[in-house]
2 protein chains.
Amino acid sequence: MDHQEKKQKRWSLEDVRQYLAEHGLRASIYRLKIFEFLINERTHPTAEEIYNRLKKEMPALSPATVYNTLRLFLEKKIIQLVNVEKNEGRYDATLSWHGHLKCLACGRVFDLHIETLKLSGLEGFEIFEKHLNLRGLCPECLKAKKYDKEGKHG
Amino acid sequence: MDHQEKKQKRWSLEDVRQYLAEHGLRASIYRLKIFEFLINERTHPTAEEIYNRLKKEMPALSPATVYNTLRLFLEKKIIQLVNVEKNEGRYDATLSWHGHLKCLACGRVFDLHIETLKLSGLEGFEIFEKHLNLRGLCPECLKAKKYDKEGKHG
DNA sequence: TTATTAATTTATAACGATTACAATATAATA
DNA sequence: TATTATATTGTAATCGTTATAAATTAATAA
């Protein structure tokens with residue numbers, strides 16, 4: 001089984017409620033739903049994608065709330081920013097060490113298992129975050145020849 | 001000697017002119033100077049930093065030219081985008097495989113030597129670009145205690 | 001050299017993602 | 001229930017960047 005397809009336990013809203021509480025956050029319905037979407041769907045959505053998805057079931061939701069909530073989650077360090085495309089913030093609630101690969105044809109962002117990473121020359125530095133971002137084509141799009149490599153640079 | 005201090009050959013303007021020509025680019029003075037700045041100074045500057053630096057010797061330079069030229073260099077794949085901070089494009093004319101570390105106190109971006117990187121689960125994917133971005137503190141700022149770790153998230 | 005054409009640069013407007021702000025609504029506490 | 005704090009909203013503002021059209025400069029042809 002490919003790691004991308006690996007099943008992870010699905011979080012219930014109650015799980016999310018507890019997790020937010022543990023991090024000192026009150027669990028409003030928007031916070032619950034936004035975090036639940038991130039942790040269960042794992043599609044690394046943009047703020048806009050989260051907004052479009054959640055307003056279907058909660059029409060009163062405002063884009064500002066999505067942005068505010070994501071910023072709050074980042075500050076509390078319960079989600080991470082995925083910076084694999086310029087001017088396109090994506091968000092990931094899985095904090096374990098892994099990389100990201102964006103398919104330049106379909107736009108999807110895949111999780112990536114990192115076997116080993118060895119750096120040198122970092123004596124005296126302190127590291128808070130490590131991000132490994134790849135860009136290329138997923139097998140589907142590669143087969144469908146959906147992309148012209150000589151096209152625009154992201 | 002630390003890798004950050006390693007000396008690289010300095011490019012003359014004539015070197016740059018030839019390099020641009022090899023990549024099908026006419027060598028205007030702005031293109032020469034922008035590329036020369038990137039390749040010789042290796043500070044991974046933003047467009048604004050390039051503009052501020054070069055307008056000192058070339059007062060007619062416009063920000064639009066800097067943006068246009070950087071975009072052109074990216075399209076021709078003679079520079080790479082360094083995406084270590086959201087909403088802050090930085091540029092690097094060194095294309096050999098290396099990582100970047102941004103010091104969150106002084107804002108400088110350091111080059112990083114990568115000994116090994118082993119990934120798995122990429123069967124069927126095609127990879128165009130790999131980016132390794134770290135965030136933390138450089139030795140100088142660490143010693144000077146210039147940063148409050150509980151501060152804002154980038 | 002001059003005329004013509006193409007490429008580059010400029011100033012400015014427009015853009016898209018995000019943040020700031022002030023007003024309103026909701027929730028917690030007294 | 002009254003009071004206070006927190007969360008959410010709609011909208012304006014901001015920031016980095018891109019688009020556009022005019023002006024400048026360079027290359028080529030006459």
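Counting restarts for each chain: residues are numbered from 1 in the order of the written sequence. The lettering of chains begins at A and the numbering of ligands begins at 1, in the order of writing. Since the coordinates come from a predicted model, pLDDT governs what is reported: local features require at least 70, and pairs of side-chain atoms require 80 or more to be given and counted, while whole-chain, interface and lining totals use all residues. Side-chain measures were taken over the full set of non-hydrogen atoms in the model, leaving aside hydrogen atoms and water.

> Lay out the pattern of salt bridges with the relevant residues and their values.
Residue and element names in this part refer to chain B. A pair is scored as a salt bridge if a Lys or Arg side-chain nitrogen falls within 4 Å of a carboxyl oxygen belonging to Asp or Glu. Tallied over the entire structure, the rule returns 22 salt bridges over all chains. Note that Arg90 and Glu88 form a salt bridge whose closest N and O atoms lie 2.8 Å from each other. Only protein chains enter the accessibility calculation, which uses a 1.4 Å probe; a residue is then buried when its area is under 20% of its type maximum, exposed when over 50%, and partly exposed in between. Residue Arg90 is classed as buried on the basis of its relative accessible area of 5%.

> Would you mind going over the UniProt feature "binding site: Zn(2+)" (unreviewed entry) in chain A in detail, with residue names and values included?
Residues and elements named next belong to chain A. UniProt positions are given in the numbering used here, feature names are shortened, and annotations may be inferred rather than shown by experiment. Cross-referencing UniProt, the feature "binding site: Zn(2+)" (unreviewed entry) maps to Cys103, Cys106, Cys138 and Cys141 in the present numbering. For the annotated residues, spread through 39 residues, the largest C-alpha to C-alpha distance comes to 8.2 Å, consistent with a single compact locus. Numbering of helices and strands starts at the N terminus; helices are DSSP runs of H or I of at least 4 residues and strands are runs of E of at least 2. The topology assignment puts Cys138 in the loop between strand 5 (126-137) and helix 5 (139-144). In this structure, Cys141 sits in helix 5. Taking relative accessible area as the criterion, Cys141 reaches 2% and is therefore assigned buried. In what follows, a contact means two residues having at least one pair of non-hydrogen atoms within 4.5 Å. Excluding residues that lie within four positions of it along the chain, Cys141 makes contacts with Cys103, Ala105, Cys106 and Lys146.

> An account of the interface of chain B and chain A is needed here, citing residue identities and associated values.
Each partner contributes to the interface: chain B provides 49 residues, whereas chain A provides 49 residues. By convention, the term buried area covers the 1.4 Å-probe accessible surface removed from two parts as they join, with the contributions of both added. Carbon and sulfur atoms make up 60% of the area that chain B and chain A hide from each other, which totals about 4600 Å². Here chain B is connected to chain A by two salt bridges. Here Glu129 of chain A ties to Arg135 of chain B by a salt bridge, and the two come within 3.3 Å at their closest N and O atoms. Distance and chemistry together define a polar contact, namely a pair of N or O atoms within 3.5 Å, with one atom able to donate a hydrogen and the other to accept it when in protein, and with adjacent residues in sequence counting only for side-chain atoms on both sides. Where chain B touches chain A, the interface holds 17 residue pairs in polar contact (both at pLDDT 80 or more). Among the secondary structure elements, those contributing two or more residues to the side of chain B that touches chain A are strand 4 (109-120), strand 5 (126-137) and helix 5 (139-143) of chain B. Here the side of chain B that touches chain A takes 12 residues from strand 5 of chain B, the largest share from any one element. When residues are sorted by character, Ala, Val, Leu, Ile, Met, Phe, Trp, Tyr, Cys and Pro go into the nonpolar class, Asp, Glu, Lys and Arg into the charged class, and all the rest, Gly among them, into the polar class. In terms of residue class, the side of chain B that touches chain A is made up of 22 nonpolar, 15 polar and 12 charged. Paired strands, as defined in this entry, are two strands with at least two bridges between them according to DSSP. Note that strand 5 of chain A and strand 5 of chain B share 11 bridges and pair antiparallel. Bridge assignment links Leu134 of chain A to a residue of strand 5 of chain B, and that residue is Lys130 of chain B.

> Provide a residue-level description of the protein's contact with DNA strand D, including the pertinent values.
One heavy atom within 4 Å of a molecule or strand is enough for the residue carrying it to be called near that molecule or strand. In the neighbourhood of DNA strand D, 16 residues make up the surrounding shell, with Arg26, Ser28, Arg31, Ala60 and Thr65 of chain A lying closest. Counting only atoms of DNA strand D within 4 Å of the protein, the sugar-phosphate share comes to 89%. In the model, a phosphate oxygen of DNA strand D is placed 3.1 Å from a nitrogen or oxygen of the Tyr30 of chain A side chain. For DNA strand D, a phosphate oxygen lies 3.1 Å from a polar atom in the backbone of Ser62 of chain A. Breaking the surface near DNA strand D down by element, the ones donating at least two residues are helix 2 (29-41) and helix 4 (63-75) of chain A together with helix 4 (63-75) of chain B. Sorting elements by how many residues they give to the surface near DNA strand D places helix 4 of chain A first, with three residues. For the surface near DNA strand D, a count of residues per class yields five nonpolar, six polar and five charged.

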